[in-house]
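# Tertiary structure, described
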Amino acid sequence: MAIMINLAQYRLEESLGPHIVLSNLFWSVSTILVIVAYRYRRLWNVGDTPWTFLLLTFLCFWIRELGHLSTSPFISAIRYTFGIWSAVFMASAFIYLCSKICRGRKDSRIFTYAPFMLAAIFPFMIFYLYLLGADIIVIKNIMSVVESIVWMISSSFIIYTTYMLGTHAPGRFTGVYMFFQFSAFAAFIWKLLGLMESMGYPTPYFIREIIETVFGLFAIASMYLLAGMLRRLSKHINSE
Amino acid sequence: MPTKAELYLNVLQELEKCSDDILSTAIVTPDGLIMSCTSTNGVDKETFAAYSAATFKHAEGAMGEISNEDIDMLLFESKDHRVITIRAADYALLIALTGKHAQIESVLSEMQITARKIKEL
């Protein structure tokens, strides 16, 4: 016998409900955690590039989530751009780490700047669509689809690279990569459902938003583990 | 008062003075984070630390399965190099990268002394 729960009574089907507050809270916390971890970046000295990408990932997604608080289509189009940037930087961070730690490749300028060049395409895309005379609602919808596609591609890369890193990593790093992988799975499903909806196969809004919240929860877990590990080490080696 | 990071570096430098064949040494956490490290020749420090800690972890698992005991030391070698890892404390592994022709007994003995010093710190 199927058990039906009316989630509307918990205000989970509204575009601005508890899940938005939760999601904003989670991404604010994970942004604070990534800033804490960034302060200790010399203790995990994998180079400035992946640290910058990680920081930008969380900052961009936090800004994206703040965009939920507005219903303006223009803000939504900008919000999706931040979501796309977040996906690009997150995938780039893990591809970089994987190529450095698992494949032993050296730093390269192309690899450092390519994600920024890729990210720069999307604001130009909005501007180009605007110049073509597209309605702001149409631009918003296009950016939503583009964000879904970019997140799905990025999360596929993240799933693979975190698997490679996690199977090569010792100790609590395995947990860090595992939670990043879980968040990538959640992001993939969340965006797949969003894309399906835009193709005419609707999914209840609350399901997508709950998956998005889970994505945020896993992101917090991974950053909490990383920041905690670095903080403990810093306390230990800087003690007298 | 010097910090632990400085004291760790001192003991590693003392260890390296014992043999010319020691190419690089490091103290890393079981998570693969570097607590202290001397210069590496062409090897990325983070990669050196991460792989050494991961290898030790795998060997620890294998030893646990085989003899139900903890692993204290791990040695593996290639055509030109040897990597020796010793558990210095619960939170620290001492790792040395040596040339193939290093006097293994003396290096091991010096590493045991260094491990004791790390534990005392």
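In this text, all values refer to a predicted model and were calculated from it rather than measured experimentally. (Residues numbered from 1 in each chain as written. Chains lettered and ligands numbered in written order. Predicted model: local features only at pLDDT ≥ 70, side-chain atom pairs only at ≥ 80, totals over all residues.)

The subject of this paragraph is the overall build of chain B. When helices and strands are counted, chain B shows 3 helices and 5 strands. Going from N to C terminus, chain B has its helices and strands arranged as α-β-β-α-β-β-β-α. Rg of the C-alpha trace for chain B: 14 Å, near the compact-globule value of 14 Å for 121 residues, within the 12% margin. Each of the three principal axes of chain B carries a C-alpha extent, and together these read 40 × 35 × 25 Å. (Helix = DSSP H or I, 4+ residues; strand = E, 2+ residues; numbered from the N terminus. Rg over C-alpha atoms; globule rule 2.2 N^0.38 Å.)

Mean pLDDT over chain A works out to 87, with 93% of the residues at or above the 70 mark. Confidence drops under pLDDT 50 across residues 1–8 of chain A; counting only partners more than four residues distant or on other chains, this segment forms 4 contacts. (pLDDT = per-residue confidence, 0-100. Contact = placed C-beta atoms within 7 Å.)

Here the focus is the environment of Phe74 of chain A. Residues and elements named next belong to chain A. One can find Phe74 in helix α3 (residues 73–102). Look at Phe74 and you get partly exposed, because 14 C-beta atoms sit within 10 Å. Taking C-alpha positions, Phe74 is 10.0 Å from Ile126, a pair spaced 52 residues apart along the chain. (Buried ≥ 20, exposed ≤ 12 C-beta atoms within 10 Å, placed from the backbone.)

Moving on to the nonpolar core. Across soluble globular proteins, nonpolar side chains show a tendency to be buried alongside one another. Core analysis: the biggest nonpolar cluster contains 100 residues, and Ile27, Val28, Ala49 and Leu94 of chain B have the highest contact counts within it. The dominant element in this core, judged by the number of residues it contributes, is α3 of chain A, at 17 residues. (Core = buried A, V, L, I, M, F, W, Y, C linked by C-beta atoms within 7 Å.)

Moving on, we come to the packing of helix α4 (residues 109–131) of chain A against helix α5 (residues 136–168) of chain A. Angle between the axes and distance between the axes: these two values describe a pair of packed helices. All names here are of chain A. Interhelical geometry of α4 versus α5 gives an angle of 150 degrees and a closest axis separation of 10 Å. What the angle tells us is that α4 and α5 run roughly antiparallel. Judged by the sense of rotation from one axis to the other, the crossing of α4 with α5 is right-handed. Of the residues in α5, those in contact with Ile126, Leu129 and Tyr130 of α4 are Ile139, Ile142 and Met143. Among the residues forming the contact of α4 with α5, the class breakdown is 6 nonpolar, no polar and no charged. (Axes fitted to C-alpha atoms, helices over the stretch in contact; angles between N-to-C directions. Parallel < 35°, antiparallel > 145°, perpendicular 65-115°, else oblique. Left-handed = near helix turned anticlockwise from the far one by under 90°. Nonpolar A, V, L, I, M, F, W, Y, C, P; charged D, E, K, R; others polar.)

Residue and element names in this part refer to chain A. Here helix α6 (residues 173–198) crosses helix α7 (residues 205–238) at 165 degrees, and the two axes come no closer than 8 Å. By the angle class used here, α6 and α7 are roughly antiparallel. At the point where α6 passes α7, the crossing takes the left-handed sense. When α6 is examined against α7, the residues Gly175, Val176, Phe179, Phe180, Phe182, Ser183, Ala186, Ala187, Ile189, Trp190, Leu193 and Gly194 are found in contact with a partner set consisting of Ile207, Arg208, Ile211, Glu212, Val214, Phe215, Phe218, Ala219, Ala221, Ser222, Leu225 and Leu226. Grouping the constituent residues of the contact of α6 with α7 by class yields 18 nonpolar, 4 polar and 2 charged.

All names here are of chain B. An order of β2-β1-β5-β4-β3 is seen for the 5 strands of this open sheet, with the pairing classed as antiparallel. Either end of the sheet is taken by a strand with one partner, and the two such strands are β2 (34–37) and β3 (73–77). On average, adjacent strands in this sheet sit at an angle of 15 degrees to one another, irrespective of strand direction. As paired strands, strand β1 (residues 22–28) and β2 are joined by 3 bridges and run antiparallel to one another. Looking across to β2, one finds that Ala26 is bridged to Cys37. Of the strands in this sheet, β1, β2, β3, β4 (81–89) and β5 (92–99) touch helix α2 (residues 45–67), which is tilted by about 70 degrees from β1. (Pairing = 2+ DSSP bridges.)

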